Amino acid sequence: MSLATILAVVVGLLAFAVVGVLIGRTQAARVIVYGGSLVACSFAAVVAGSHLLSAAETATLTLPLGLPWLGAHFRLDALSAFFLLVIEFGGAAASLYALGYGRHEETPERVLPFYPAFLAGMTLVPLADDAFTFLFSWEFMSLTSWALVMAHHHARANLQAGYVYLVMASLGTLALLLAFGLLAGPDGGYAFATIRASHPSVMITALVLGLALVGAGSKAGLVPLHAWLPLAHPAAPTQVSALMSGVMTKVAVYGFVRIVFDLLGPPDWWWGLVVLPVAGVTCVMGVLYALMQHDLKRLLAYHTVENIGIIFIGLGLALAFEAYGMAWAAALAFTAALLHVFNHSLFKSLLFFGSGAVLTATGERDMEHLGGLIHPMPLTAFVFLVGSVAISALPPLNGFVSEWLTFQAILQSPQLPSWALKFLVPAVGALLALSAALAAACFVKAFGVTFLGRPRSRAAERAHETDGFSLSAMFLLSGLCLIAGILPGFFIDALGPVSHGMVGASMPPQSSVPYLSIVPLAESRSSYNGLLVFLFMVFSATLAAVAIHRLASDKLRRAPAWDCGYPGLGPATQYTASSFAQPIRRVFGTLLFQAREHVEMPAPGDMRPARLKVELRDPVWDTFYAPVTRAVAVAADRLNVMQSLTIRRYLTLVFAALVALLLVLAIWP
Amino acid sequence: MIVNLAVQGAQMMLVLLLAPLLTGLVRKVKARLLRRQGPPLLQPYRDLIRLMRKEVVLAENASWLFRVAPYIIFAATWVAASLVPTFRTGLLFSWTADLIAIIALLGSARFFLALAGLDVGTSFGGIGSSREVMIASLAEPAMLMIVFTLALVAGSTQLSTMVGFLVSSEVGLRVSLGLALIALIMVAIAENARIPVDNPATHLELTMVHEAMVLEYSGRHLALIGLASELKLLLYVSLIACLFAPWGLASPDADAKALAISLFTYLVKLAIGSFLLAVFETSVAKMRVFRVPEFLGAALMLGLLATLLLFVSGSL
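Residues numbered from 1 in each chain as written. Chains lettered and ligands numbered in written order. Predicted model: local features only at pLDDT ≥ 70, side-chain atom pairs only at ≥ 80, totals over all residues.

Trainee: Would you mind showing me how to read the overall build of chain A here?
Mentor: A tally of regular secondary structure across chain A gives 24 helices and five strands. Over its C-alpha trace chain A gives a radius of gyration of 26 Å, about what one expects of a compact globule, namely 26 Å for 669 residues. Dimensions of chain A, computed from C-alpha atoms along their principal axes, come out at roughly 95 × 70 × 60 Å. The proportion of buried residues among the 669 residues of chain A is 56%. Summarising the internal contacts of chain A: among those between residues at least 6 apart in sequence, 79% fall at separations of at least 24. (Helix = DSSP H or I, 4+ residues; strand = E, 2+ residues; numbered from the N terminus. Rg over C-alpha atoms; globule rule 2.2 N^0.38 Å. Buried ≥ 20, exposed ≤ 12 C-beta atoms within 10 Å, placed from the backbone. Contact = placed C-beta atoms within 7 Å.)

Trainee: Could you clarify how one ought to interpret the overall build of chain B in this entry?
Mentor: The helix and strand inventory of chain B stands at eleven helices and one strand. For chain B, the α and β elements follow one another from N to C terminus as α-α-β-α-α-α-α-α-α-α-α-α. Pairs at least 24 apart in sequence give 80% of the contacts found in chain B among residues at least 6 apart.

Trainee: Help me understand the interface of chain A and chain B, please; the structure alone is not making it clear to me.
Mentor: You'll often see interface size given as the accessible area lost when the parts meet. The partner chain B presents 77 residues to the 73 residues of chain A that form the contact. In terms of residues, the side of chain A that touches chain B owes the most to one element, helix α16 (residues 419-451) of chain A, which gives 15 residues. Of the pairings in the sheet, the one linking strand β3 (residues 556-559) of chain A to strand β1 (residues 56-59) of chain B comprises four bridges and is parallel in character. Its bridge partner being in β1 of chain B, Arg558 of chain A is matched across the sheet by Leu58 of chain B. (Pairing = 2+ DSSP bridges.)

Trainee: Hey, could you run me through the nonpolar core in this one?
Mentor: In globular proteins that are soluble, nonpolar side chains generally tend to be buried together. Phe82 and Ala333 of chain A together with Leu115, Ala142 and Val187 of chain B are the most contacted members of the largest nonpolar core, which has 370 residues in total. For Ala333 of chain A, the contacting residues outside a window of four places in its chain are Gly314, Leu317, Ala318, Phe321 and Ala409 of chain A. (Core = buried A, V, L, I, M, F, W, Y, C linked by C-beta atoms within 7 Å.)

Trainee: I tried to follow helix α23 (residues 619-639) of chain A on my own but got confused; where do I start?
Mentor: Quick reminder: α-helices carry 3.6 residues per turn. Residues three or four places apart thus point the same way. Residues and elements named next belong to chain A. An ideal rise of 1.5 Å per residue puts 30 Å on 21 residues; α23 measures up with 30 Å between its terminal C-alpha atoms. Tyr625 marks where α23 bends most, by close to 40°; the proline Pro627 follows one to four residues later. Little of α23 is tucked away: zero of the 21 residues are buried. (Expected span 1.5 Å × (residues − 1). Bend = angle between axes of the 7 residues up to and from the residue.)

Trainee: I tried to follow the packing of α16 of chain A against helix α11 (residues 292-312) of chain B on my own but got confused; where do I start?
Mentor: Across the interface, α16 of chain A lies against α11 of chain B with an axial gap of 9 Å and an inter-helix angle of 150°. Classified by the angle between their axes, α16 of chain A and α11 of chain B sit roughly antiparallel to one another. Once α16 of chain A is placed against α11 of chain B, the crossing between them reads as right-handed. Listed contacts from α11 of chain B to Lys422, Phe423, Val425, Pro426 and Ala430 of chain A of α16 of chain A are Leu304, Thr307, Leu308, Phe311 and Val312 of chain B. Residue composition of the contact of α16 of chain A with α11 of chain B, by class: eight nonpolar, one polar and one charged. (Axes fitted to C-alpha atoms, helices over the stretch in contact; angles between N-to-C directions. Parallel < 35°, antiparallel > 145°, perpendicular 65-115°, else oblique. Left-handed = near helix turned anticlockwise from the far one by under 90°. Nonpolar A, V, L, I, M, F, W, Y, C, P; charged D, E, K, R; others polar.)

Trainee: Explain unusual backbone geometry to me, please; I cannot follow it from the model alone.
Mentor: Negative phi is the rule for most residues except glycine; trans is the rule for most peptide bonds. Val223 of chain A connects to Pro224 of chain A through a cis peptide bond whose omega is 10°. Position of Pro224 of chain A relative to the elements: it lies in the loop between α8 (202-220) and α9 (229-235). Cis geometry is adopted by the peptide bond preceding Pro196 of chain B, which originates at Ile195 of chain B and carries an omega value of 10°. Summarising the element assignment, Pro196 of chain B is placed in the loop between α7 (175-191) and α8 (210-213). At Tyr515 of chain A, a position not held by glycine, the phi torsion is positive, near 60°. Position of Tyr515 of chain A relative to the elements: it lies in the loop between α20 (496-503) and α21 (530-552). Located in the positive-phi region is Gln594 of chain A, a residue other than glycine, with phi close to 50°.

Trainee: Could you clarify how one ought to interpret the environment of Ser402 of chain A in this entry?
Mentor: Residue and element names in this part refer to chain A. You can see Ser402 is positioned in helix α15 (residues 398-411). A C-alpha to C-alpha distance of 9.2 Å links Ser402 and Ile311, two positions 91 residues apart in sequence. Discounting chain neighbours no more than four positions away, the residues touching Ser402 are Ala336, Leu339, His340 and Asn343.

Trainee: Can you walk me through the environment of Gln582 of chain A in this structure?
Mentor: Summarising the element assignment, Gln582 of chain A is placed in helix α22 (residues 577-592). A sequence separation of 15 residues divides Gln582 of chain A from Glu597 of chain A, and the C-alpha atoms of the two residues are 9.9 Å apart.

Trainee: Got a minute to help me understand the packing of helix α5 (residues 123-154) of chain B against α11 of chain B in this structure?
Mentor: The description of two packed helices rests on the angle between their axes and on the distance between the axes. All names here are of chain B. Their axes nearest at 8 Å, the elements α5 and α11 cross at an angle of 20°. The angle between α5 and α11 places the two elements in the roughly parallel class. Judged by the sense of rotation from one axis to the other, the crossing of α5 with α11 is left-handed. In this structure, α5 uses Ile135, Leu138, Ala139, Pro141, Ala142, Met145, Ile146, Phe148, Thr149, Leu152 and Val153 to contact α11, whose residues at the interface are Val292, Pro293, Leu296, Gly297, Ala299, Leu300, Gly303, Leu304, Ala306, Thr307 and Leu310. Classifying every residue of the contact of α5 with α11 by side-chain character gives 18 nonpolar, four polar and no charged.

Shown next as structure tokens:
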């Protein structure tokens, strides 16, 4: 029943897309499309949520669509229900935000048709139960999001972003296509039920694992396949950036989980060995890239890469534990990963919404031109602060809970018998710890430079608070960040059936633990109570405030800033985003990004300003992409000769090709 | 239950009351080592009271965050310090936050401190915040690796359980614990802005980190931030004491006499800790800022090595 309802929602979303095509330019269309998407997504979220919470039976449905001999298979199990909840809730929040934010859209006819279609595509992916439907929905999602990235196609950077995105999306789909082809085998059993029942050989599993990692990983943003992500996510209108970063990357995680945990059968011991190093490197590289940015939206996009790394660390650990039959530890790692999926969708959407509010208020994405926005935009600043604390994994908010669970999972891994894993897991743990600390640094920078200090430009001085719709969406998400942080037990329990279905066990029930603590294994080993930590902090802070104001002094006087006795210096003397990151750039970037600083100091008496130029190189682009681009260019040059041959030569070529193929067929055993 | 609640309450007040004394003691010993008279032992209390009574002079463009941050910093540090066993294990609320969460609470405090440094928009605040997060970005992972080591030895991240295990005879001498101790001392020095990483007594120098961040604070706000950093010092000394010198800690079922003895032992440990810190601080010179990453990188590597050893063999 719930499956059919969600499919009906998809049809509804597509209908709104048609509305967007027909009357996209009008004011009414914005309200209809975003309002309609809000209602549709909220409804679907409720349906998916109730399916998950009631631990309902797996529902299947076959529609006479798609390949004629196959039909379109749909299935709603706990895993799909959880990811649908993430998708639909993110979609609802983005639609609510867009009701206000969309007002500033200059070319709504380029956004409105694709927005609901994008949501529909993302909704279909977790429901698909055969390879054709899966790939069709996946491509539909990619193409609609590509169209949204190209919505502001006049900017040159966006054109490039769209191009890179298209190439990478094709690569990802190609990998998935091959993966499903291998899974389906020579008989072409494309239905997931058939694939589940088959037992692929080791060779095939190895290939499929690699292809799934490329296919889903390129969409999710695993290093080194992340190159398109920081270009494309910020280029789209903000509500779409939030969806792409907060939600679409999660659809990619779903794709990986579905293929590797579900379709590929029980894991081998080395699967974790493949996933974990990629995940660890993704974590640290993602956050270091983010630290080097001064474009607010791009910083957030890079930071998504880091969080995807954290999620994949959880998944990799779950694979390793499951392979060795440590189901309880696998459940812990898997639940940690899924909880981080949920948490990240909350705070990343929230932060993107905040950056959109800043963008409308000032017209600036470059943090070097912002500053002091906490004064004109106190509410946006507050919610952005909540998002920053949450994403930096600081208690008592939700980001901490999922990272804490991941750490707990790492601490179970000495029991793994494999020596390779014994050496790898502590290193991955260190990378995770490093990225957690760097994330806090990154968001001190993002929040501090954007919202604190003094305005660095006229635009920042004239900023104003954003509209009510946007604010309500942001407050909704920050409220959930707090609730998921102080009452994580309920969220962990909701993930029980998902974990049970995928790794064969689930974490012990948490909501029955006294005082709403979470106890992953046993109370003597580890426990955390977000609620009490929050209450203690509120209590101590209030106690201190009341005691000091009552007993000592509550007087306050405003005066010019002290600044070591040099008051009256202009806002240009403040630390900027680049200078804030300078120590970290020097510590980590000298080696990794080959960061070089060139100081151009004019001679005394010369009135030109001194200049400091920072040069960074992207190691991933240099090692992976640049050679490929060059090879393609060289090959294109060489093949250019083929463009203008005579008809006689073309016929010879065709003949030669035919003979060669026939020869191959003849020789093939 | 009542007894437990009383002990937890006593612990909260104890750390709050002892923290300035510890700082005073370190200052006194340092001064005596330099052949100065030094301020009286109780000077930090007087400073705090005086600051609290003074009016706050707030920079004109300071935001609400700047005014709220001292309370958040103080609260997070106080909660963290109350959860570290001082004279008795098995604190009532020890299950609220394990050692990872305690470290993260200190991380929250630092997050807000660094933001507060950026709020007024002066270059000194910026330099302090920027360097503080650079130091933290290495100190925190090093600390987490130390936590991993201890958790793997004790089979728990719960501080009470950890201490209970370390005080038992099962531990013995372990390479990993030795490495963890060295790393923990290095991290503690960096986290508390002590020489050679930062100088708590400096002012108006480009080398300062912690003091630069709080430059714009005055009155009660400054008092709270000062108290928070004194609490943090106490926290780290107590942490090192309870993990690596857990002798004399009272067990949860100890009677009044045993509690009195353990309280006395704790005070002795604090005195020894502050003496060692003062001696160390007077015997080394401050490092350049960009030597700090090497210092902390060494701590991180020691922590990682200790963890690796435990992954290889549980008995190392």
